[in-house]
Amino acid sequence: MTLLSAGVSAGFSVAGLLGPGKDDSFARYAASRSVALLLAAVLIAIGIRSRMAIAFLGIAMTVVQAFDGVIGALAHDPSKTYGPLAFAVINAVTVGWLLREQESHPNEPVKS
């Protein structure tokens with residue numbers, strides 16, 4: 001779920017750079033943040049396979065998506081409000097499940 005959330009966030013921010021926001025420094029910062037989170041999520045999920053690292057990235061993406069939803073709400077744009085908020089809720093539930101699984105199997109690696 002974290003990979004999907006990070007991918008969507010990176011996709012929208014890069015798409016913003018290709019449109020009218022290409023000269024906006026805030027759009028560049030958003031794109032760099034989103035792409036960095038996506039790369040970190042991919043590297044950790046595929047390479048390291050650490051439950052705690054994935055949980056931390058999931059928490060980070062939950063916060064990112066929640067803030068994106070708040071920004072969408074302030075802009076009065078339902079599509080930029082409900083999608084990110086839905087991702088935030090799904091990420092939070094997924095991280096909760098992952099951490100609960102970690103408690104019941106502390107020495108077991110992440111399953112593929």
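A few points on the structure. (Residues numbered from 1 in each chain as written. Predicted model: local features only at pLDDT ≥ 70, side-chain atom pairs only at ≥ 80, totals over all residues. Heavy atoms only, no water.)

1. Considering the nonpolar core
Side chains of nonpolar character tend, in soluble globular proteins, to be buried together. Ala6, Leu37, Ala41, Ile44, Ile54, Ala55, Leu57, Met61, Val64, Val95 and Leu98 together form the largest nonpolar core, which totals 11 residues. Elements with a minimum of two residues in this core: α2 (25-48), α3 (51-74) and α4 (79-104). Those residues in contact with Leu98 that sit more than four places away from it in its chain are Arg51, Ile54 and Ala55. (Core = buried A, V, L, I, M, F, W, Y, C linked by side-chain atoms within 4.5 Å. Buried < 20%, exposed > 50% of the residue type's maximum accessible area, 1.4 Å probe, protein only. Helix = DSSP H or I, 4+ residues; strand = E, 2+ residues; numbered from the N terminus. Contact = heavy atoms within 4.5 Å.)

2. Looking at the pattern of salt bridges
The tally for this structure, following the rule as stated, stands at 1 salt bridge. Here Lys80 ties to Asp77 by a salt bridge, and the two come within 4.0 Å at their closest N and O atoms. (Salt bridge = Lys/Arg side-chain N within 4 Å of Asp/Glu carboxyl O.)

3. Things to note about the layout of surface pockets
If you add up the space inside the largest pocket, you get close to 650 Å³. Forming the walls of the largest pocket are 19 residues, and the residues nearest its centre are Phe12, Ser13, Asp68, Lys80 and Pro84. Listing elements by their share of the lining of the largest pocket, those giving two or more residues are α1 (2-18), α2, α3 and α4. (1 Å grid on protein atoms, 1.4 Å probe; cavity = no way out; pocket = protein on both sides within 12 Å on 5 of 7 lines; lining within 4 Å. Points joined across faces, edges and corners; volume = space filled by probe spheres on them.)

4. Considerations on α1
For α1, spanning 17 residues, the distance from its first C-alpha to its last is 24 Å, which sits close to the expected 24 Å at 1.5 Å a residue. Three or more residues of α1 are buried, namely Thr2, Ser5, Ala6, Ser9, Ala10 and Ser13. The arc that holds the buried residues of α1, viewed along the axis, is 125°, so those residues lie on one side. Turned more than 90 degrees away from the buried face of α1 sit Phe12 and Leu18, all of them exposed. In this structure, the buried residues of α1 make contact with α2, α3 and α4. (Expected span 1.5 Å × (residues − 1). Arc of directions from axis to C-beta.)

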